[in-house]
Amino acid sequence: MSEHDPSRPDPDALLARISAEESRAHRGRLQVYLGMCPGVGKTFAMLESAQEDRRAGRAPLVGIVETHRRAETEALLHGLDVLPRRTVEHRGVTLTEFDLDAALAAKPPVVLVDEFAHTNAPGSRHGKRWQDVRELLNAGIDVRTTLNIQHVESLNDVVAQITGVRMRETVPDSVLDEADEVVLVDLPPEELRERLEAGKVYLGEQAARAADGFFRPANLTALRELALRFVAGRVGRQVRFHREAAGSAAIWPTQERVLVAVGPAPSSATLVRAAKRLAAMLGAEWFAISVETPRALDAAGRERVMAHLRLAESLGARTATAAADTVPEGILDFARRENVTKLVVGKPVLPRWRQLLRPSPVDELVRNSGDIDVYVIRGDAEAGAGAVPAAPGRPIPRKRSWMFVPVVGVALTVVVAKALDPVIELPDVAMIFVLAGACVALLGSRRAALLMAVLSFFCFNFFFVPPLHTLYVAGTEYLITFAVLFLVTAILGELTVRLRERQLLAKRSAERTAAVYRLSTLLAQRRGRDALARAAAAELSKDLAAPVALSLRASEGTPVHFGAALGDKEHAVVNWVLDNRLPAGRGTSTLASSTMLHLPLAGPRGIVGVASIGGDPLGPEETELLHALLRHVALVLSVEALEEQHRIVAREAETERLRNSILSAVSHDLRTPLASILGSASSLQEQGELLSEVTRRELLGTITEEADRLNRLIANLLEMTRIEGGALRLELVPLPVEELVGTSLHAMRRAMAGRSVRTSVPPSLPFVLADELLLQQVLVNLLENACKHTPAGTAIHLSAEQAGEVVILTVGDEGPGLPDVPSEQLFERFYRGDRVGTGVGLGLAICKSIVAAHGGRIDARNRPDGGAEFRFTLPAASGADVPSGEEA
């Protein structure tokens, strides 16, 4: 039995299936009703299914459904629970949207969410409705939704090319891959146009414009084919997944799939064209494969193999390169893995006697193909040779050096055996020849091992078997010895050569894996697009031993180049590849006069750049390595682009938040004290003589209090500007804590009127080394914060204590306590929690910056007896810093 038993389930497939089942165990099911365009009845079919569930006792919730005033669709809402929509005000217009929070709170078994690709109104938690659906699924709620084929991200360009209309609302393919079921809602184009004319899709002039534009018969037919192919491809992937998970060795012929095997023979071009014709007749997907065996090809052979693969790719095939011990083994492994039903190979041209000694690869394929149909086609060598050019350069002469090793080896064996002949027996001499044959196999090739076996047979007979120096055999007992010697030497040579070939194959595979690992490790240490591209170009050049350049898209349109220098002609080819998303340059059928091969870097969201490879043409092994490395580079660059986009969005969101906070401060925190000052001042000016002395004093007190409040607010804004601008300068002097506390309480006497202040400042506390004005601002901000967020009349606690070389000051209150957020968030700029209108949100941020500048730390926590407290540390002044009594 072979090392890989096809009857056993694939462990990787089983693991993938188990992981998928575990991830979906606590996740809702997603069912997508897919149509070719609006009007085919997706919403109608979804509501019909909901009515069936309602009659079965599993009532779904209608999250949002767009009926477009179609009477038959609105009738299907009867009896279903419909979730009220939330309203959003945007630029003076009232919009209605799906209420995600209400759906999560209701937690129904099934939610109907129409129009999967819809863009939510500004201010919504998610920008897209498919993101709302994902949150529902993660909450364990099943979702049914609708989607048109033109909104699939990967088909956006195709739809735009067909219809001339580019859809801005799309759903990523990765989201659709997560769907548990895709239901195709199909309708013939003629019937759909009848519905359009009857006003069942659009009304009035909109219907007439649609009939002459998007709903033309040619467009509808093409969109219908796209929808059918999309669903068929999804079903095909599911069939392969279940087949691999089940470990079935049998082919499941749910759809025809054709595979053609190509090699260095010129006739392979004819096989590729024959496979293309067969796949076209069957309407089947087809592949072209080249098998890499331990027997390395010369440069001309590698170039012919690559030319055949490029020919197949240009005709629409998916190409691949497999590594295996033998060609039939590699072909059949790939065919079973891809569920291939038909295999196209070339008719063997070996002489009959060679086929009798050793079966041809075609014989092995036919014998081991099982359920796969094998088509053996005669290749036209002349036509093939004319179609695929050979590699340039002089023809490579045949190597005869392999004959030198066995000849020298058998000569040395005879000399050694003759020297030992007086002291050893004849069987021992035979063992010496067997050992020599194994050594020759290690140094030479398969032909050298076979020649060594033949030479050993004759030399053993000629020099050691009586009668000596003749090929005559005196006794029949020596015939068995001769046969065993020949067979053992030949078999040992064959096994040794196979072992060395497998070792070389494993070495090449390990080198490819190591190259990918090195590239991954290198790119993981880089940040930024330019650094990634520069490092990737250098590493690719080293791995391929050829100059490599990476050209990435830029916002201004001109590509940015990294790595090897590109000429003007190569720049033009790079621009063509970026625009057309196809390979070009040397070795392709497009712009083949270029000196470099230019390949697009395809990421999950499109082309991110172009890789340009110079030097000599690459062989199949190097090409496979190149594609593996480029896939990794494209993925890393795509992730970096997404992260950069995320950083930009985050910065814009932060800027928007700061702008709103500043506007809020200007509109409320600045205008409120100004309004109080203006009101009190105008009252004194207009009615001063009529007001009592008590009233005048109250108005003057209000003016003074609000002016102080305004002064502190402006001071906070200016102080934060100084801090962020790096203009904060400390004037550190030793200060007594009692004096700081007293000064701060005096500054806040009006704001804290009616409150009791409980202080605990031991007189034995050491001085603190601090800036008096800045530290007073910290205490004032903390006291003002306590007054704002606690009920009137509650007490405020202010204490100080020594802890080693620092002094801890604490400001506490008896209010509702801190919100349930991380302590660090309280000290962020403009953070005001859910208490709107209580300040601009700079006080605590300034406190943190000032305390940090003094070398201290500040934090916040809830008091055990209720309320909140803020604690910060300051360095205690040393004895040398504290002035004596006389100096003071």
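Computed from a predicted structure; not experimentally measured. (Residues numbered from 1 in each chain as written. Predicted model: local features only at pLDDT ≥ 70, side-chain atom pairs only at ≥ 80, totals over all residues. Heavy atoms only, no water.)

**Description of the sheet that holds strand β20 (residues 757-760)**
- Strand order across the open sheet formed by five strands is β20-β22-β23-β25-β24, with mixed pairing between neighbours. Each edge of the open sheet is held by one strand with a lone partner, namely β20 and β24 (858-862). On average, each strand axis in the sheet is tilted by 15° relative to the strand beside it, whichever way the strands run.
- Here β20 runs beside strand β22 (residues 796-803); their pairing, made up of four bridges, is parallel. Bridge pairing links V757 to I796 in β22.
- Of the strands in this sheet, β22, β23 (806-813) and β25 (868-875) are in contact with helix α26 (residues 772-788), which crosses β25 at around 175°. (Pairing = 2+ DSSP bridges. Helix = DSSP H or I, 4+ residues; strand = E, 2+ residues; numbered from the N terminus. Axes fitted to C-alpha atoms, helices over the stretch in contact; angles between N-to-C directions. Contact = heavy atoms within 4.5 Å.)

**Some details on helix α22 (residues 568-580)**
- With 13 residues, α22 extends 19 Å from end C-alpha to end C-alpha; this agrees with the ideal 18 Å at 1.5 Å per step.
- Every buried residue belonging to α22 is among E570, V573, V574, V577 and L578, and all of these are buried. Down the axis, α22 shows its buried residues gathered within 140° of arc, on one side only. α22 presents D568 and D579 as exposed residues on the side facing more than 90 degrees away from its buried surface.
- Close packing links the buried residues of α22 with β14 (548-552), β15 (560-563), β16 (584-585), β17 (597-603) and β18 (606-613).
- Trailing α22 by a residue or two, R581 shows a phi angle of about 60°, which is positive. (Expected span 1.5 Å × (residues − 1). Buried < 20%, exposed > 50% of the residue type's maximum accessible area, 1.4 Å probe, protein only. Arc of directions from axis to C-beta.)

**Looking at the pattern of salt bridges**
- Counted by the stated rule, this structure contains 24 salt bridges.
- Here R125 and E135 are joined by a salt bridge, their closest N and O atoms 3.0 Å apart. Of this pair, R125 sits in the loop between β6 (110-113) and α5 (129-138) while E135 is found in helix α5, placing the two residues 10 residues apart along the sequence.
- Judged by its relative accessible area of 45%, R125 is partly exposed.
- Between R696 and E693 there is a salt bridge, with the nearest N and O atoms lying 2.5 Å from each other. Residue R696 and its partner E693 are located together in helix α24 (residues 693-724), separated by three residues, close to a single helical turn. (Salt bridge = Lys/Arg side-chain N within 4 Å of Asp/Glu carboxyl O.)

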